[in-house]
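Each chain, letter by letter, is given below.
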Amino acid sequence: MTQTTPPKWGLTPPGTPGNPGVPPQGFMPVRPPEGGNAAVFTVGVVAIGAETVIAALVAFLYILQSESHGGEGGLGWLFGTMFALVLLAVFSMIAGLAGSAMAVLPLVLLGRAVARRTGRRDSWQLTLATVAVVAVALALLIGSCMLLVGFGGLLVYPVLALSLIVGLAPATLCARAAGNPGKPGARWRVLGGVALGGLGLLAVTLAVGVAAYSSGILKIYEPPRLAEADMVGTWTDGDGGSLRFEADGTVTAKGVSEYEATGEQSGACNRTGKWQLTENEGVGRPLELSIADCESLSFGWDIGGTEEHPTVFTWIGEPDSGERYILTRQR
C-alpha cells in the first residue's frame, strides 16, 4: 500500500509542485499583481512632479517673509517671473522622471516582492511599511555621512526619515493604486485623479498663503524705516571693520572692507566723510543711505535687517551674485 503525502496548504498555491490537490474552503491564494509598470511609472512622475511644484510654492510663500532686496518691478520683474515659472516646470518634470524611476517604481515592486515572499496580501499598509523601512535606512545612511563631514547633529536622522516618508509615501501609494486596477481603465483613472488632486492641493496652498499674508498673519519683508537718530552709533562687520555715524552728519570708517568689481577684497578703508539718510521712491527701498567725500564708500549703500536689528550693506561683485558686505548696528 502506497503512502501518500498529505497536501500542504501554506504559502504555495494549490496545483503547484509540492502542493497538489483542491484548496480547502476559504483559501485565498496570495498573488500580488503583475505588470502595470507603465501606469505605475507615469503616476509616479505626475505625483512627484506635483509634490515638487507644491513644495516650491510653500518655499516661495515662506521666503516672502525673509530679507530680500531688489525687484524694482517693471519688465525685469516680469521676465524674471516668467523665467522662474519655466524653470520650475522643467525642474518638476525632471524631478518627476527621476523620482519615479529611482524611488516610486522600485518601492512598488519591492512591496510586491515582500508580499510574495511573506505570503501576505499586497496592500497599501504593506506598501506604506516598505516606504517607511526604506526611508529610515536611507536616513541612517545619509545622516551618518552628514555627521562624518561635521554637518548637523543627531536630529538629522528623524528629520531626514520624516522628510523621505512625507515625500515618497503619497506618490508610492498612488502609483501602487494604478498598478492594482480593479476594473479595465482604472489605472488611467487613477492618473487623472492624481493630476486633479495635485492641482487642487496647489490651489488650496496658494489660497491659504494669500489669505495668511492678506490677514497679516504673515508679513512680506520690508526694509526697516529708520530715522536719522536711529543711524547714530557704531555699525560693525564682525571682523574688525566699522562705520561710526555721528549726529552732526559725519561718518568714520575703520577697517571697512573694499572690494573689486570681481568680488575680491582689495583692502580696507580708513577715512572720514559725510552721511545722509533720505527718502527713496524706489519699490522696496524706502530709505537711501549716501556717504560723500569718502572714496570707495560714496555709493551703493542700502538699509537692511529689521526694525529691531537693522543693518547697512553694499553689494559685492556682479549684480546677480547676491553677495553683500553687511554691517550691524551696535549700541
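For the structure itself, look to the data block above.
Residues numbered from 1 in each chain as written. Predicted model: local features only at pLDDT ≥ 70, side-chain atom pairs only at ≥ 80, totals over all residues. Heavy atoms only, no water.

### A word on the overall build of the protein chain
Point 1. Within the protein chain, the secondary structure is distributed over six helices and 10 strands.
Point 2. Residues classed as buried in the protein chain amount to 30% of the 331 residues present.
Point 3. Look at the contacts in the protein chain between residues 6 or more apart in sequence, and 56% of them connect residues 24 or more apart. (Helix = DSSP H or I, 4+ residues; strand = E, 2+ residues; numbered from the N terminus. Buried < 20%, exposed > 50% of the residue type's maximum accessible area, 1.4 Å probe, protein only. Contact = heavy atoms within 4.5 Å.)

### Some remarks on helix α4 (residues 156-179)
Point 1. Under the 1.5 Å per step criterion, the end-to-end length of α4 is 34 Å for 24 residues, consistent within 8% with the ideal 34 Å.
Point 2. Restricting attention to buried positions, one finds in α4 the residues Val 156, Ala 161, Leu 168, Ala 169, Ala 171, Thr 172, Ala 175, Arg 176, Ala 178 and Gly 179. (Expected span 1.5 Å × (residues − 1).)

### Structural notes on the environment of Val 156
Point 1. Relative to the helices and strands, Val 156 resides in helix α4.
Point 2. When the C-alpha atoms of Val 156 and Leu 140 are compared, they prove to be 9.1 Å apart, with 16 residues separating the residues in sequence.
Point 3. Excluding residues within four positions of it along the chain, Val 156 makes contact with Gly 143, Met 146 and Leu 147.

### Things to note about the packing of helix α1 (residues 37-63) against α4
Point 1. Viewed as axis vectors pointing N to C, α1 and α4 meet at an angle of 150 degrees, and their least axial separation amounts to 8 Å. With respect to α4, the axis of α1 lies roughly antiparallel. Here α1 runs over α4; the crossing is right-handed. For the pair α1 and α4, the contacting residues are Ala 39, Val 40, Val 43, Gly 44, Ala 47, Ile 48 and Glu 51 in the first and Gly 167, Pro 170, Ala 171, Cys 174, Ala 175, Ala 178 and Gly 179 in the second. (Axes fitted to C-alpha atoms, helices over the stretch in contact; angles between N-to-C directions. Parallel < 35°, antiparallel > 145°, perpendicular 65-115°, else oblique. Left-handed = near helix turned anticlockwise from the far one by under 90°.)

### What about the environment of Glu 288?
Point 1. Inspection of the secondary structure puts Glu 288 in strand β7 (residues 287-292).
Point 2. According to the relative accessible area criterion, Glu 288 is partly exposed, its value standing at 33%.
Point 3. Linking Glu 288 and Gln 276, residues 12 residues apart in sequence, is a C-alpha distance of 8.1 Å.
Point 4. Those residues in contact with Glu 288 that lie beyond four places of it in its chain are Gln 276, Leu 277, Thr 278 and Asn 280.

### Some details on the packing of aromatic side chains
Point 1. The tally for this structure, following the rule as stated, stands at four aromatic pairs.
Point 2. Note on Phe 245 and Trp 275: the rings are 5.4 Å apart at their centroids and 80 degrees apart in plane angle, and the pair reads as edge-to-face. Here Phe 245 is found in strand β2 (residues 242-245), whereas its partner Trp 275 is found in strand β6 (residues 272-279), with 30 residues between them in sequence.
Point 3. When the ring of Phe 313 is compared with that of Trp 315, the centres are 5.4 Å apart and the planes differ by 85 degrees; the resulting orientation is edge-to-face.
Point 4. Given a relative accessible area of 37%, Trp 315 falls into the partly exposed group. (Phe/Tyr/Trp six-rings, centres within 6.5 Å; stacked < 30°, edge-to-face > 60°.)

### Quick notes on the pairing of strand β5 (residues 265-269)
Point 1. With four bridges joining them, strand β4 (residues 256-259) and β5 adopt antiparallel strand pairing. Bridge assignment links Tyr 259 to a residue of β5, and that residue is Gln 265.
Point 2. Linkage of β4 to β5, two consecutive antiparallel strands, is achieved through a turn of five residues, within which Gly 263 is found at a positive phi near 100 degrees. (Pairing = 2+ DSSP bridges.)

### Here we look at a nonpolar patch on the surface
Point 1. Together, Val 86, Val 90 and Ile 94 give the surface a local cluster of nonpolar side chains, amounting to about 270 Å² of exposed area.
Point 2. Inspection of the secondary structure assignment puts Val 86 in helix α2 (residues 74-118). (Patch = residues over 30% accessible without salt bridge, like charges linked within 9 Å, V, L, I, M, F, W, Y side chains within 5 Å. Areas by Shrake-Rupley, 256 points an atom, 1.4 Å probe, with all protein chains shown as cover. Salt bridge = Lys/Arg side-chain N within 4 Å of Asp/Glu carboxyl O.)

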